[in-house]
Amino acid sequence: ETELRYILLCISCEHKGFKMSAEKISEKPLLLAEVKEFLEKRKAGKKKFDRAIHERLYDYCKRFVKLPRDKAMLLLQKLLEIKIQVGKRELQIPMEVACDIVNVLPRSREELEPFLAFLEHKQKILLLPKLKEEIASKILGVIREVLGSQ
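Described below are features of the structure shown in this document. (Residues numbered from 1 in each chain as written. Predicted model: local features only at pLDDT ≥ 70, side-chain atom pairs only at ≥ 80, totals over all residues. Heavy atoms only, no water.)

Before going further, it helps to examine the packing of aromatic side chains. Evaluated as defined, the whole model comprises two aromatic pairs. Ring geometry for Phe49 against Tyr58: centres 5.4 Å apart, planes inclined by 50 degrees, an arrangement best described as tilted. Assigned by exposure class, Phe49 and Tyr58 land together as buried. Aromatic side chains Tyr60 and Phe64 sit 4.7 Å apart centroid to centroid with 45 degrees between the ring planes, which places their arrangement in the tilted category. In this pair, Tyr60 and Phe64 both sit in helix H2 (residues 52-64), four residues apart, roughly one turn of the helix. (Phe/Tyr/Trp six-rings, centres within 6.5 Å; stacked < 30°, edge-to-face > 60°. Buried < 20%, exposed > 50% of the residue type's maximum accessible area, 1.4 Å probe, protein only. Helix = DSSP H or I, 4+ residues; strand = E, 2+ residues; numbered from the N terminus.)

The next thing to look at is the environment of Lys62. Mapped onto the secondary structure, Lys62 falls in helix H2. C-alpha separation for the pair Lys62 and Ala33, spaced 29 residues apart in sequence, amounts to 8.7 Å.

Looking now at empty space enclosed by the protein. A probe matching the size of a water molecule, rolled over the atoms, marks out where space remains unfilled. Inspection of every chain in the model, using the stated rule, returns two cavities of 30 Å³ or more. What lines the largest cavity is simply Leu31, Leu32, Ala33, Phe64, Val65, Lys66, Leu67, Ala72, Val102 and Asn103. Counting only elements with at least two residues in the lining of the largest cavity, the list comes to helix H1 (32-43) and helix H4 (95-104). Residues that form the lining of the largest cavity fall into these classes: eight nonpolar, one polar and one charged. Contributing to the lining of the second largest cavity are Arg42, Lys43, Lys46, Lys48, Phe49, Asp50 and His54. Looking at side-chain class alone, the lining of the second largest cavity contains one nonpolar, one polar and five charged residues. (1 Å grid on protein atoms, 1.4 Å probe; cavity = no way out; pocket = protein on both sides within 12 Å on 5 of 7 lines; lining within 4 Å. Points joined across faces, edges and corners; volume = space filled by probe spheres on them. Nonpolar A, V, L, I, M, F, W, Y, C, P; charged D, E, K, R; others polar.)

What follows covers the pairing of strand S4 (residues 89-92). The sheet contact formed by strand S3 (residues 83-86) and S4 spans four bridges and is antiparallel. Within S4, the residue paired with Lys83 across the bridge is Gln92. Linkage of S3 to S4, two consecutive antiparallel strands, is achieved through a turn of two residues, within which Gly87 is found at a positive phi near 65 degrees. (Pairing = 2+ DSSP bridges.)

Positive phi is not limited to glycine here, since Ala44 has a value of about 25 degrees. Ala44 sits in the exposed class, given a relative accessible area of 58%. Of note, the phi angle at Lys124 is positive, near 55 degrees, even though the residue is not glycine. Within the secondary structure, Lys124 is located in the loop between helix H5 (109-123) and helix H6 (129-148).

It is at 10 Å that the axes of helix H3 (residues 69-81) and H6 come closest, and there the two elements cross at 150 degrees. Our classification of the angle between H3 and H6 gives roughly antiparallel. H3 and H6 meet at a crossing whose hand is right-handed. Residue-level inspection shows Lys71, Leu74, Leu75, Lys78 and Leu79 of H3 in contact with H6, the latter providing Ile139, Val142, Ile143, Glu145 and Val146. The class makeup of the residues in the contact of H3 with H6 is seven nonpolar, no polar and three charged. (Axes fitted to C-alpha atoms, helices over the stretch in contact; angles between N-to-C directions. Parallel < 35°, antiparallel > 145°, perpendicular 65-115°, else oblique. Left-handed = near helix turned anticlockwise from the far one by under 90°. Contact = heavy atoms within 4.5 Å.)

The biggest cluster of nonpolar side chains holds 33 residues, and the ones touching the most others in it are Leu75, Leu79 and Ile139. If you list the elements that add at least two residues to this core, you get H3, S3, H4, H5 and H6. Examining the composition of this core, we find that nine residues originate from one element, H6, more than from any other. Excluding residues that lie within four positions of it along the chain, Leu79 makes contacts with Ile93, Ala98, Ile101, Val102, Ile139 and Val142. Counting residues in each nonpolar core, the second largest holds eight residues, with Leu30, Val35, Leu39 and Tyr58 among its members. (Core = buried A, V, L, I, M, F, W, Y, C linked by side-chain atoms within 4.5 Å.)

All we've got here are geometric facts, nothing functional implied.
Printed below as a string of structure tokens:
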């Protein structure tokens, strides 16, 4: 399964031997709901997208977007507000991890496990089981809270 993690503001594209490249200006994680909305605006009244890649990306977003953009943004904001106390350090969930959580919308501790591993990797920490449970509980609580207000 193809995973959409980032859309670059400038894309390098290869099509049938013709190379069109642009300088990468910046890179930031996006929510699938944001990408879907952006593509809908780009299509704006046309029957088809200008490029086949946009059509494929839009189909992917339609298939996997789990929340409307406003709810997805609210969930993202609440996830980024979660504080994690590790020893004397206070950490937050990195943007990449939070975006992935919103895009996948895990509902159980088991479904959340890969994101906790990603969190450990991004923060370069090893979470003890008790702390992992506490973080999982906070994340799942925030997800339930946002879904409950739908």
